[in-house]
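Single-letter residue listing:
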Amino acid sequence: MKHLSVGGVEIAYFDEGKGPCVMLGHCSSASHKEWLPLIEDLKGDWRVLAPDLIGYGQSDPWPIDKPFSIAADVDVLLALAKKTRGPLHFVGHSYGAALALEAARKLGKRVKSLTLVEPVAFHLLRIDDRPEWKEVEQLGLAVLDPVAKGDDRKAAAAFMSYWLGRWRWWLSPERFKNAIAATIPKVALEFSIALDAQTTLSDYAEIAAPTLLIVGAKTRAPARAVIELLGGTLPNAKVETLKGAGHMSPFTHPAELNRMILDHLAAHR
């Protein structure tokens, strides 16, 4: 892993391979390791950049005395982009996909393709007054209230039960539960994006790069609603459904998902 400082925060990132550059963004409570199977498929023909976002993996946490905004993590992607020349391809899942959207707005024509797996750009539901926003609000309360009371384990249970299902969370090993609980304060900060972000669908309509939007057939309603909004807005987007998958498809359906990603990258290399 390599390191760089972004806004005073030490960021760890994977950088390997030669060829066109593809940058990978992981989901909340994860790290670049989420994409290890995809990295193995890519690094023979691509240069792969995969950061641990702020507060995850080997990267430093966000300073507790500073207000957080999505710009902090977007700046990580932009700082890595400065280490490359020529076109860039972005692949992101969940929070990492939402960041890729914002980075694409900043980088403009440098972005040659986007592959977004259920971007959690939930602020669009709030701005568009979609009924699915109420579900996001309920999840936010279930996470933020216990965090405010110092009960990160309860917040982690609420967050992961929502995305994984209660039984899968309940059956997860204690080591996994403890690791997720350790990341929950950062997850809580990320909910501020859904509450405060002002980027509109019209803003995203400026992204001209060929975009593949991937949605799990069994995902949650808010995630599906975001895909619907973006699919009808991005000028060069197509939507594909991953059969049998929920929101966590990089973990539950990696082979099928990575095949879709690799096909899209190859088509726009």
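Refer to the structure presented above.
Structural notes, computed from the coordinates.

Moving on: the pairing of strand β3 (residues 21–25). By the criterion of burial, β3 is predominantly enclosed, with five of the five residues buried. Burial along β3 is two-sided: the face carrying Cys21, Met23 and Gly25 and the face carrying Val22 and Leu24 are both buried. Here β3 runs beside strand β4 (residues 47–51); their pairing, made up of three bridges, is parallel. Within the sheet, the bridge partner assigned to Cys21 lies in β4 and is Arg47.

So, about the sheet that holds strand β8 (residues 237–242). Read across the open sheet, the eight strands follow the order β1-β2-β4-β3-β5-β6-β7-β8; overall the sheet is mixed. Every interior strand has two partners, whereas the edge strands, β1 (2–6) and β8, have only one. For this sheet the average axis-to-axis angle between neighbouring strands, irrespective of direction, equals 20°. Across the sheet, helix α2 (residues 70–81) touches β1, β2 (9–16), β3, β4 and β5 (88–93), and the angle it forms with β1 is around 120°. The strands that helix α10 (residues 221–231) touches are β7 (211–216) and β8; relative to β7, the one it contacts most, it runs at about 155°.

Using the criterion set out here, one finds one cavity of 30 Å³ or more in the structure. Here the largest cavity is characterised by a volume of approximately 290 Å³. Lining the largest cavity are 23 residues, and of these Ser28, Tyr95, Val120, Phe122 and Glu190 lie nearest its centre. Among the secondary structure elements, those contributing two or more residues to the lining of the largest cavity are α3 (95–107), α6 (152–164) and α8 (174–196). Looking at the lining of the largest cavity element by element, the count peaks at five residues for α8. Here the residues of the lining of the largest cavity sort into 17 nonpolar, four polar and two charged.

Bringing the packing of aromatic side chains into the picture now. Centre-to-centre distance and the angle between the planes together describe a pair of aromatic rings. Overall, the coordinates contain six aromatic pairs when judged by the stated rule. Judged by centre distance (6.4 Å) and plane angle (80°), the ring pair of Phe159 and Phe191 falls under edge-to-face. Of this pair, Phe159 sits in helix α6 while Phe191 sits in helix α8, and the two are 32 residues apart along the sequence. We classify Phe159 as buried; its relative accessible area is 7%. A connected cluster of aromatic rings, assembled from ring pairs, spans Phe122, Tyr162 and Trp163.

All right, on to the environment of Val143 then. Inspection of the secondary structure puts Val143 in helix α5 (residues 133–148). Measuring from C-alpha to C-alpha, the distance between Val143 and Ala155 comes to 4.5 Å, with twelve residues separating the pair along the chain. Sequence-distant contacts of Val143, that is, excluding residues within four places in its chain, are made with Ala155, Phe159 and Phe191.

Moving on: α8. An α-helical turn contains 3.6 residues, so a residue and the one three or four places further along point in the same direction. End to end, α8 covers 34 Å across 23 residues, agreeing with the expected 33 Å (1.5 Å per residue, within 8%). Of all the bends in α8, the greatest, near 45°, is centred on Ile184, and the proline Pro185 appears no more than four residues after it. As for α8, its buried residues are in contact with α2, α3, α4 (123–127), α5, α6 and α7 (166–171).

Looking now at the environment of Ile54. Relative to the helices and strands, Ile54 resides in the loop between β4 and α2. Here the alpha-carbon distance between Ile54 and Leu107, two residues 53 residues apart in the chain, equals 20 Å. Ignoring any residue separated from it by four or fewer positions in sequence, one finds Ile54 in contact with Val9, Ile11, Asp60, Pro61, Trp62, Ala72, Asp73, Val76 and Lys186.

Turning our attention to the layout of surface pockets. In this approach, a probe sized like a water molecule rolls over the atoms, and the result shows the empty space that is left. Size it by volume and the largest pocket reaches roughly 380 Å³. Looking at the lining of the largest pocket, the elements with two or more residues in it are α6, α8 and α11 (249–252). Looking at the lining of the largest pocket, the element that brings in the most residues is α8, giving four residues. Within the lining of the largest pocket, the residues separate by chemical class into nine nonpolar, seven polar and three charged.

Moving on, we come to the packing of α2 against α3. Close contact between α2 and α3 brings their axes to 9 Å; oriented N to C, the two are set at 65°. As for how α2 packs across α3, the hand of that crossing is right-handed. For the pair formed by α2 and α3, the contact residues are Ile70, Asp73, Val74, Leu77, Leu78 and Ala81 on the first element and Tyr95, Leu99, Ala100, Glu102, Ala103, Lys106 and Leu107 on the second. Grouping the amino acids of the contact of α2 with α3 by side-chain chemistry returns ten nonpolar, no polar and three charged.

Quick notes on the rules
Here, residues in each chain are numbered from 1, in the same order as that chain's written sequence. In view of the model being predicted, local features appear only for residues whose pLDDT reaches at least 70, and side-chain atom pairs are presented and counted only at 80 or more, with totals across whole chains, interfaces and linings using the full set of residues. Side-chain metrics rest on all non-hydrogen atoms present in the structure, leaving aside hydrogens and water. Categorising residues by exposure relies on relative accessible area from a 1.4 Å probe, with only protein chains included: less than 20% of the type maximum marks a residue as buried, more than 50% marks it as exposed, and the intermediate range marks it as partly exposed. Per the convention used, a helix needs a DSSP run of H or I reaching at least four residues, while a strand needs a run of E reaching at least two, with both numbered from the N terminus. Two strands qualify as a pair provided that DSSP identifies no fewer than 2 bridges between them. Lines are fitted to the C-alpha atoms to define the axes, a helix being fitted only along its stretch in contact, and any angle between axes, read from their N-to-C directions, falls within 0 to 180 degrees. Any pair of residues with heavy atoms lying within 4.5 Å of one another is described as a contacting pair. Residues are called lining when one of their atoms sits within 4 Å of a cavity or pocket point, these points coming from a 1 Å grid over the protein atoms alone, where a cavity is a set in which a 1.4 Å probe fits but cannot get out and a pocket is an open set with protein on both sides within 12 Å along at least five of seven lines. Grid points are joined across faces, edges and corners, and a volume is the space filled by probe spheres set on the points. Three categories are distinguished: nonpolar for Ala, Val, Leu, Ile, Met, Phe, Trp, Tyr, Cys and Pro, charged for Asp, Glu, Lys and Arg, and polar for the others, with Gly belonging to the last. Note on ring pairs: Phe, Tyr and Trp rings are taken, using the six-membered ring of Trp, and paired if centres are within 6.5 Å. Classes follow the plane angle, with under 30 degrees stacked, over 60 edge-to-face and the rest tilted. Multiplying one less than the number of residues by 1.5 Å gives the expected span of a helix. By definition, a residue's bend is the angle between the axes fitted to the seven residues ending there and the seven starting there. The sense of a crossing depends on the near helix, which, turned anticlockwise from the far helix by less than a right angle, makes the crossing left-handed and, turned clockwise, makes it right-handed.

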